Every structure is written in C-alpha cells, then in structure tokens.
Amino acid sequence: MTAVEASTATSAGYQDFTLGAFHFRRDEFFAHVTWPTGQHMLSIDTFLRALQRDVAWDFFYGTVNFDAVFGTVNHYGTVDMFAGRFNEAYRKAELDHTENFETPLIRDTFKAMLDNWTNEGFDPFASPAETDKPFGMKHGSNTSAVTRHRVTASRMVSVPGDEPIRTDATHSINRMFADVTQDEPEVHAEAGFEAEVAAFNLYAYLSRSDVTWNPSVVSQCKASLYCPTTEEYILPVIHGNDRVEWFVQLSDEIVWDVQDRDTGSPRAKVTMKAGDVAAMPGDIRHQGYSPKRSMLLVWENASNDVVELIRTGKAPTYPVEF
Ligand code: PHB
Ligand code: FE
C-alpha cells in the first residue's frame, strides 16, 4: 500500500491531499478538487458531511455522490473516485475522469483529510441545528466525533455480547424525541436460552441517536440488514444504488428526490409519511429531505451477488411485480 500524500499546512492552515491525479485543497469556505481535465468547488460543509459518511460507511453500497460532479463507486475491495462520471454534460464534453484505488489507500487518504479539515466544534454527522459551523481558518480538531464508533450488530442490539441498548448513562434523548416512551420489553427466556431470546425498544433506541443520516446495523440475519437512522435536514450525499433498498418510514415525514443513477435526470419525487413503505430501485440515485427529525428504517440486502445479477440483467432493478 502507498502512503497518504499530504502537504504541510497551506495559508488557511489545512493540508493539501493528492490521490492519483486528483488534488484536494481546503480554504476557509470551500473544498477545491482538481483532476487532469477540470476543477470543482464544493462548500466545505457539503464536502465534510459527505466525506464523513463515505469514511464511516467504508464507501457504502454503490455510488456516493458528494454533489452532481464528485464522488465514489464501491467495488468492494477497490473504489473508483470520479469527477463528472454521472453527469451528462461532463460526459458529453468528455471532461469526466475516473480512477480506481485499492480501498485501504483511498480510505486512509479520506480519513486523514476528514480529520485535518474538521475544526473544533464541528460535527459532520450532527444536524446543522446541533453543531458549530465548519468554516474559517484551521482551529483545533474534532477527532473523537469523526472517528466515532459505528453501530454494527452481528445479531441484534441487546443480545448478550452484541451492541448494547442506549441509556441515560451513554446517550441523552434528542430534543425532538422527548415524547418517545422509554420502556423496554420484558423478556422471559426459558432457562438456557437467555442468550438466544432478546427484544428491545427500537423507538427508544433511535430517540437517543446523536447523529443524522447515518444508518446503523441494529440486526443482521444472513444478508438481511436492518439499518434504521434518524434524519433532520438533508441527506448529505446523493446515493446511487447498486441494489434495491427498502425504506420504512417509522415516524414523521421525508421527501425523496429520485433521479436516474447515471444521468441525474429526474424520475420521481416520493413523499413518505409515517408508516409508508417504499422500494428504491437498483438503478437510481436519491437524496432525502426531512423537515423535522424523523426515524427511517433502511433495509439492505448485503449480498454482493445481487449487484452482479442486476448488472448482467439476470435480476430486475426492482423487487416486486404488481
Ligand atoms: C440511502 O442512501 O438510502 C440512505 C443513506 C443514509 C440515510 C438514509 C438513506 O440516513
Ligand atoms: Fe440509498
């Protein structure tokens, strides 16, 4: 593995980073990305919120678009970094650029950039209403926030030895979920089955989440992953699916902009109210808007076989035929 390429601090106090032919620089307000055929600016808050998720989710399923130009595609072992690849105008003008990296190199570069570019008091996972601003000359850091533990249960939250439930001792109840009841189910397991029978209050668990737009794996059964999350304001990435995802709106309301994954042309606007269920197809990109803090269950199929089946046309891009 090649080492992370970082400069000494520049005028605003931040390091520059180089990965392949891509170059990254931050100033007080912007991230500047250059590549052999072009250059691009993103607001630093957009850039850091997207970068935080790409790092924490280890490049997620499929495509993570930071905006309409820049992003990554996960190939589960290697990652493409691209500019303009899923933007029809860049493609037509042949200004798009893609490079493929071994996952550890892009992971380490992104981690170093996230840590160096995040100032004291700014938490890229927090709702904008619950964090300081990211702007200005470099001042301090927030390493504990940008490296926080990601919940990934191997069986289910609350199972002995697995991810624990949240209590006052570890997580306070969010200001928007003060009305969520906090009682836990009683579990009366037959002697000898105490490690096999478990239950927990998912609403209480989510009411204590201090992050937004960050699906946590709370249960796992073979390839079936329940990844609920709490949402407020705008999903900081535009996710391009490589498989179907199911959404169950557990509370409040989210509006989804759904576009063609490759061109970005609009396909649907989906308003999900509490109790609504939707399947997001395997050939779209989407971004959610949550006017009030809400709870969303994202149900993922973690089997990478399905990616190949969809890509080769052996499985459809949608999950049900009516
Ligand atoms: C998604 O891309 O499907 C997604 C990502 C993060 C969320 C919710 C949904 O918090
Ligand atoms: Fe998605």
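Heads up: the structure comes first, above all this text.
Among the nonpolar cores identified, the biggest contains 54 residues, and F24, F47, F110, W117 and W256 are the most heavily contacted of them. Within the second largest apolar cluster, 12 residues are counted, among which are V151, V180, V218 and M295.

Considering the arrangement of structural elements, one finds N241 in the loop between β12 (238–240) and β13 (245–249). Residue class for N241 comes out buried when judged on its relative accessible area of 0%. Reaching out from N241, the side chain makes a polar contact with the side chain of H239 at a distance of 2.9 Å. A polar contact of 3.4 Å, which involves the side chain of N241, links it to the backbone oxygen of R243. N241 has contacts with R261, M280, P281, G282, D283, I284 and H286, leaving out every residue within four places of it along the chain.

Moving on to the sheet that holds strand β3 (residues 22–26). Sheet architecture is open: 5 strands sit in the order β1-β2-β3-β4-β5, paired in antiparallel fashion. Each of the sheet's edge strands pairs with one partner strand only, and the pair in question is β1 (5–6) and β5 (38–43). Against the sheet, helix α1 (residues 44–56) engages β3, β4 (30–35) and β5, with an angle of about 90° to β5. Here helix α3 (residues 103–117) sits on the sheet and contacts β2 (17–19), β3 and β4; the angle it forms with β2, its principal contact strand, is near 165°.

The next thing to look at is the environment of E253. Positionally, E253 belongs in strand β14 (residues 253–260). Spatially, the C-alpha atoms of E253 and S127 are 16 Å apart, while their sequence positions differ by 126 residues. A distance of 3.1 Å separates a polar atom in the side chain of E253 from a polar atom in the side chain of K273.

A separate point is the pairing of β4. Taken together, the 4 bridges between β3 and β4 define a ladder with antiparallel strand orientation. Bridge assignment links R26 to a residue of β4, and that residue is A31. In this antiparallel pair of consecutive strands, β3 and β4, the connection spans 3 residues. With 6 bridges joining them, β4 and β5 adopt antiparallel strand pairing. Its bridge partner lying in β5, F30 is registered against S43.

With that settled, consider the site of ligand 1. In the neighbourhood of ligand 1, 15 residues make up the surrounding shell, with W213, E231, H239, E245 and H286 lying closest. Note that an oxygen atom of ligand 1 is positioned 2.6 Å from one of the side-chain N or O atoms of E231. Interatomic distance of 2.8 Å between a side-chain N/O atom of H239 and an oxygen atom of ligand 1. If ligand 1 stood free it would expose 280 Å²; the protein chains cover 100% of that surface. Placement of ligand 1 is best described as lying within the largest cavity.

How each quantity is defined
Residues numbered from 1 in each chain as written. Chains lettered and ligands numbered in written order. Predicted model: local features only at pLDDT ≥ 70, side-chain atom pairs only at ≥ 80, totals over all residues. Heavy atoms only, no water. Core = buried A, V, L, I, M, F, W, Y, C linked by side-chain atoms within 4.5 Å. Buried < 20%, exposed > 50% of the residue type's maximum accessible area, 1.4 Å probe, protein only. Helix = DSSP H or I, 4+ residues; strand = E, 2+ residues; numbered from the N terminus. Polar contact = N/O pair within 3.5 Å; in protein donor to acceptor, adjacent residues only side chain to side chain. Contact = heavy atoms within 4.5 Å. Pairing = 2+ DSSP bridges. Axes fitted to C-alpha atoms, helices over the stretch in contact; angles between N-to-C directions. Near = heavy atom within 4 Å. Areas by Shrake-Rupley, 256 points an atom, 1.4 Å probe, with all protein chains shown as cover. 1 Å grid on protein atoms, 1.4 Å probe; cavity = no way out; pocket = protein on both sides within 12 Å on 5 of 7 lines; lining within 4 Å. Sits in = over half its atoms within 2 Å of the grid points.

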